[in-house]
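# Descriptive structure summary
Take a look at the letters that make up each chain.
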Amino acid sequence: MSFHNTLAYAQQMDEADTLRHFRNEYHIPQHHGNDCIYFTGNSLGLQPKATAAYLNQELADWAQYGVEGHFHAKRPWFPYHEFLRNSAANLVGALPSEVVMMNQLTVNLHLMLTSFYQPTAERYKIIYEYNPFPSDRYALASHAYLHGFETDDALIELKPSSGSALIKTADIIKTIETHADTLALVMIGGVNYYSGQAFDMQAITLAAHKAGARCGFDLAHAAGNLKLQLHKWNVDFAVWCSYKYLNSGPGGVAGCFVHQHHADNFKLPRLAGWWGNDPETRFEMPETFIPKEGADGWQLSNAPVMSMACHRAALDLFDAAGMDALVAKSKMLTNYLEFIIDDVLQKQPNHNGISIITPRQSDERGCQLSIRIEKNGKKIHQYLTQKGIIADWREPDVLRVAPVPMYNTFIDVFYFGDALQQAIAYAGA
Ligand SMILES: *Cc1c(COP(=O)(O)O)cnc(C)c1O
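Interfaces are often sized by the accessible area lost when the parts come together. Each assigned domain of the protein is listed here: domain 1 (7-35 + 323-427) and domain 2 (53-320). For domain 1 versus domain 2, the distance between C-alpha centres works out to 30 Å. In this assembly, 27 residues from domain 1 lie in contact with 19 residues from domain 2. When the buried area of domain 1 at its contact with domain 2 is split by residue, Met-323, Ile-357 and Gln-368 rank highest and sum to 26% of it. Between the two partners, domain 1 and domain 2, sit one salt bridge. For Lys-227, the salt bridge goes to Asp-324, with nearest N and O atoms at 3.2 Å. Linking domain 1 to domain 2 there are 10 residue pairs in polar contact (both at pLDDT 80 or more). Along the lines of polarity and charge, the residues of the side of domain 1 that touches domain 2 split into 14 nonpolar, four polar and nine charged.

What follows is the structure, encoded as structure tokens:
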């Protein structure tokens, strides 16, 4: 593929894009009356235009039926999570019974750690990724502490190769093997939120199981971004949020995956709530908790219908587009962005020490590129923002840009390059 850094070429790529009509299904934030170049779908995805109608349906049914809406609403609230099941399962490569939408991401992570981190005096260590999203580290540390271990002793952070932000798969596997006798759990992000590195989840899961440990993933930056096969990969558990790539609104309902291997293992300790009880007997209000088989048995509370309605609207678009087509476009779009950035940097040798820290191979990343800017990075970010380009600045020195295949265009990428060139000149080296 030979790319060109011209508007005409970007236009031509957009015209050939079979997913381009999906952009019209979203509200694009405005800047002085024009569409922003929105490259932060990895942080908060855009609102589908259909979301309002889905929400209004629930408000109308609540107004009309009151409590009877649990059974008489257009989409009855009692089983509302069922309306999300098949789409969510498709999205992460799971059997329908292996997934449930519930709570929020960090809550689901705690529920999973309660069940799948069962340390003993000999086997209690947790391997996790370098520079994880802080919530993940807090959750892991709190479980180690809960079981009476020193967190510094129990937690093993995977280190990147020197001079790089990336962790090699071979090094991850070596670390797992080194700690095989004491390892209880491997828990990492499917895609690291900072570097944009996508991990080889299948290879990591296999190595963890060989070592006699369990393996789970935080898919906050992977769900809706990568093609996932959680069932096939034998992942024990996974959690994800719905407000980043999945466009379901701030604080939206989160996802949880529990592999079928554990579906009827009722001996696993778990935190129980009435919604995890078998729905056949739930309203008999039994004294003893009888969990439903599968991921459903980890539910605590009744369905947050408003948030789930937003998620339903967003999933319609993923069902229509399909992850295969989205991933194919994503690779083209992000490869184009990489080409444009390289072109800009090559034309401006005096360029503030800018480099892409995300892997260069497209199967080791999703759509996010993380750009390290050693000098005047904040000024560059400010300049881009003034031009209506919404990208994300992370201390100390990284600009994250994520052209998402659902609604971003090749023209967005072209204009980003144009503005980056101006920003470098403006910020001074
Ligand atoms: C976004 C994100 C979170 C946020 O957790 P919430 O419980 O949704 O607030 C946690 N972990 C990772 C890896 C994330 O990317």
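Among all positions of helix α14 (residues 377-386), only Gly-377, Ile-380, His-381, Tyr-383 and Leu-384 are buried. Projected down its long axis, α14 carries its buried residues within an arc of 160°, all on one side. Buried positions along α14 lie against β11 (354-356), β12 (369-373), β13 (389-390), β14 (392-394), β15 (398-401) and α15 (410-427). Where α14 terminates, the next one or two residues include Gly-388, which has phi positive at roughly 85°.

We now examine the pairing of strand β4 (residues 99-102). Alternating positions in β4 separate into two faces, Val-99 and Met-101 on one and Val-100 and Met-102 on the other, with burial throughout. Two elements, β4 and strand β10 (residues 254-258), share four bridges in a ladder whose sense is antiparallel. If you follow Val-99 over to β10, its bridge partner there is Phe-257.

Turning our eyes to something else, we now look at the packing of aromatic side chains. If you walk through the whole model with that rule in mind, you get 23 aromatic pairs. On the basis of an interplanar angle of 55° and a centroid distance of 6.5 Å, the ring pair of Tyr-38 and Tyr-407 is categorised as tilted. Remark: Tyr-407 occurs in the loop between β15 and α15 and Tyr-38 occurs in strand β3 (residues 37-38); sequence separation between them is 369 residues. No difference in accessibility class separates Tyr-38 from Tyr-407, as the two residues are buried. Summarising the aromatic geometry, the rings of Phe-116 and Trp-298 are spaced 6.2 Å apart at their centres and angled 25° between planes, so their arrangement reads as stacked. Of this pair, Phe-116 sits in helix α5 (residues 105-116) while Trp-298 sits in the loop between α11 (279-282) and α12 (305-321), and the two are 182 residues apart along the sequence. Members of the aromatic cluster, each reached through a chain of ring pairs, are Phe-3, Tyr-9, Tyr-336, Phe-339 and Phe-410. The ring of Trp-275 carries Arg-282 above its face, with NZ or CZ at 4.0 Å from the centroid.

About the cut-offs
- Residues numbered from 1 in each chain as written.
- Predicted model: local features only at pLDDT ≥ 70, side-chain atom pairs only at ≥ 80, totals over all residues.
- Heavy atoms only, no water.
- Domains from an automatic or database assignment.
- Contact = heavy atoms within 4.5 Å.
- Buried area = accessible area lost by both parts, 1.4 Å probe.
- Salt bridge = Lys/Arg side-chain N within 4 Å of Asp/Glu carboxyl O.
- Polar contact = N/O pair within 3.5 Å; in protein donor to acceptor, adjacent residues only side chain to side chain.
- Nonpolar A, V, L, I, M, F, W, Y, C, P; charged D, E, K, R; others polar.
- Buried < 20%, exposed > 50% of the residue type's maximum accessible area, 1.4 Å probe, protein only.
- Helix = DSSP H or I, 4+ residues; strand = E, 2+ residues; numbered from the N terminus.
- Arc of directions from axis to C-beta.
- Pairing = 2+ DSSP bridges.
- Phe/Tyr/Trp six-rings, centres within 6.5 Å; stacked < 30°, edge-to-face > 60°.
- Lys NZ or Arg CZ within 6 Å of the ring centre and 35° of its normal.

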